[in-house]
Structure formats: C-alpha cells, structure tokens
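# Survey of secondary and tertiary structure
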Amino acid sequence: MLEIKNLTVKYDEIILDNINLKLDKKIYGLKGDSGSGKTTFIKALLGLIEYKGELFLDGEKLKNRKDFQVVFQNPFNSFDPTRKIRFSINEILKLNGVEVNLEELANKVGVDTSLFDKYPKELSGGELQRLSIARAISTNPKVLIFDEPTSALDVENQKNILDLIKTFKDKIIIFISHDLKVIKYISDEILLLHKESKKINFRSSS
C-alpha cells in the first residue's frame, strides 16, 4: 500500500493542499483540468520537487524511489535516439542492480526480442510505448505511473496499450489522462484533482 499523508506543495501559492490517500494494488485514473496540479502531484510522489507531508510504502516511510517507475506520454522522446533499445533497458537494470531475462520481459509486453536490437527511429509509436513499459517493469517496481501514455498513439494502439496495462495486477498504478473515456475504461477507481480546492477525491469508475 502507498499511503500519502498531508501532501502539500506550495510555490507562490498553494498548488496541492493536504492530499491524503491510501492506494493499494489497483489502477487509479487521475483526472483533472489543465493547471489543476496533476504533474505537480506526480513530481512530488517521485521526489522531484519539494513538498510537505509524508509518504509510506508498505508501512515504511519512503526514503527513496527505487520502487517507482514512470512511462511518459511520447515514446519517441523516451529513448536515446543514438542507442539501441537494448542499451536503454540494460542501463536501468545496471542502475538498480537487477538481472532480467529479456525474452520473458518481451513476452510480458507483447513484442519480439528482435526489437531490442533496433534504434528508436526504426520502430512505431506502439512498439516504442510497449518497450517503454518493458523498461518500466524490468526492475519489478511496486508503483507504476503512466503520464498520458496513449495520447500520442492511434486508436488501435491506444486500446492495445490500455489492455496491456490492465495485466499488471500486482502493481499500484496511477494513470494520468485528460480523456475521461480512457480513464473510465482502464480504472478501478478514479481520482479527481480539483483545481479550486487543490484536493483529490475518489469517484467510482462505473
């Protein structure tokens, strides 16, 4: 379980105000208007900005983010264009001291292992996003964050990626999107971030 206590972010004004959440192994769709603080919330979870409050993972106060991984919006910007995919995945494995069977990893995201030996420019958006997900799950994180991961893809690839994400039942997943239809399709529960109150409320996904 990821527990968030009194998470507050303040620059010139309050951006997030006393966010309190308990998240377990489900898919949480995070919806909010532009400027409501979705990106700020994620940056705080990842420790990329200063915040007040406390985070706990499995009952222990969070000291580092080794159990967090992120998949970003544009897969074409997610990999070093001068390196083959294999290098980018091996890099994160080395940083985390993890060994993984790449064939098993490829099977989990539905790609052929031959894609690991290609450059990003040789692959489609759908293939790259699957490989982005492969890299994210390679270290077996407890928390996966998806930041608009389907908005740069065509409709068919969007659905395929959403269905893939649904298979990760052993993770706490936070899925950010501006598209309420996408949020409803993928989410077990919906988190609504209100621009006016600076708070997050739960809502049923049905």
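Residues numbered from 1 in each chain as written. Predicted model: local features only at pLDDT ≥ 70, side-chain atom pairs only at ≥ 80, totals over all residues. Heavy atoms only, no water.

### Some words on helix α3 (residues 102-109)
Given 3.6 residues per turn, any residue in an α-helix points the same way as the ones three and four places further on. Note the cut-off: To sort residues, take the accessible area from a 1.4 Å probe on protein chains only and compare it with the maximum for the residue type: under 20% means buried, over 50% means exposed, and anything in between is partly exposed. Per the convention used, a helix needs a DSSP run of H or I reaching at least four residues, while a strand needs a run of E reaching at least two, with both numbered from the N terminus. Here the arc refers to the set of directions running from the helix axis out to each C-beta atom. Any two residues having at least one pair of non-hydrogen atoms within 4.5 Å are treated as being in contact. Residues adjacent in sequence count toward polar contacts only when both atoms are side-chain atoms; beyond that, a polar contact is any pair of N or O atoms within 3.5 Å, and within protein one must be able to donate a hydrogen and the other to accept it.
Listed as buried for α3 are L102, L105, A106 and V109. End-on view of α3: buried residues confined to an arc of 100°, all on one side of the axis. Of the residues in α3, the exposed ones pointing more than 90 degrees away from the buried face are E103, E104, N107 and K108. Check the buried side of α3 and you find it contacts α2 (85-96), α4 (125-137) and α5 (155-165). Backbone nitrogen of E103 and a side-chain oxygen of the N-cap are separated by 2.9 Å at the start of α3; the cap is N101.

### Topic: the packing of aromatic side chains
Heads up, the rule is: Pairs were defined over the aromatic rings of Phe, Tyr and Trp, the Trp ring being its six-membered one, requiring ring centres within 6.5 Å. Orientation was assigned from the angle between planes: stacked under 30 degrees, edge-to-face over 60, tilted for the rest. Put simply, a charge is over a ring when the Lys NZ or the Arg CZ is close to the ring centre, within 6 Å, and near the line of the ring normal, within 35 degrees.
Applying the stated rule across the entire model yields 1 aromatic pair. Relative to F175, the ring of F146 has its centre 6.4 Å away and its plane inclined at 35°; by these criteria the two rings are tilted. Taken together, the residues span a long stretch of sequence, with F146 in strand β7 (residues 143-147) and F175 in strand β8 (residues 172-176) at a distance of 29 residues. In terms of burial, F146 and F175 fall into one category: buried. We note R83 situated over the ring of F87; from NZ or CZ to the ring centre the distance is 4.1 Å. For the cation-ring pair, R135 lies above F79, with the distance from its terminal atom to the ring centre recorded as 4.2 Å.

### Notes on the pattern of salt bridges
Note the threshold: Salt bridges, as used here, are contacts in which a Lys or Arg side-chain nitrogen is within 4 Å of a carboxyl oxygen on Asp or Glu.
Counted under the stated rule, the structure contains 9 salt bridges. Among the ionic pairs, E54 bridges to K61, the shortest N-O distance being 3.3 Å. A relative accessible area of 34% means that E54 is categorised as partly exposed.

### Brief notes about the layout of surface pockets
Operational definition: Grid points spaced at 1 Å and placed over the protein atoms alone form the basis of the search, with a cavity being a set where a 1.4 Å probe fits but cannot get out and a pocket an open set showing protein on both sides within 12 Å along at least five of seven lines. Lining residues have an atom within 4 Å of a point. Grid points are joined across faces, edges and corners, and a volume is the space filled by probe spheres set on the points. Nonpolar residues are Ala, Val, Leu, Ile, Met, Phe, Trp, Tyr, Cys and Pro. Charged residues are Asp, Glu, Lys and Arg, and all others, Gly as well, are polar.
Computed from the structure, the largest pocket encloses a volume of approximately 300 Å³. Those elements that provide at least two residues to the lining of the largest pocket are β6 (68-71), α2 and α4. The element best represented in the lining of the largest pocket is β6, accounting for 4 residues. Looking at the lining of the largest pocket, its residues break down into 9 nonpolar, 4 polar and 3 charged.

### What about α2?
For the record, the criterion: To estimate the expected span of a helix, count its residues, drop one, and scale the result by 1.5 Å.
In this model α2 runs 17 Å from its N-terminal to its C-terminal C-alpha over 12 residues, within 8% of the 16 Å that 1.5 Å per residue would give. Those residues of α2 that sit buried are I85, S88, I89, I92 and L93. Mapping the buried residues of α2 onto a view down its axis gives an arc of 135°, with all of them on the same face. Opposite its buried face, α2 presents the exposed residues K94 and L95, each directed more than 90 degrees away.

### Side note on the pairing of β7
Definition in use: Pairing between two strands is assigned when DSSP locates at least 2 bridges connecting them. Think of it like this: strands point away, you trace from the first strand over the helix to the second, and a clockwise trace means the crossover is right-handed.
Summarising burial for β7: 4 of the 5 residues are buried, a large majority. Of the strand pairs in this sheet, β6 and β7 are connected by 4 bridges, and their pairing is parallel. Of the residues in β7, the one forming a bridge with V71 is F146. Where β7 meets β8, 5 bridges bridge the pair, whose relative direction is parallel. Within β8, the residue paired with L144 across the bridge is I173. Note on the crossover from β7 through α5 to β8: the handedness is right-handed.

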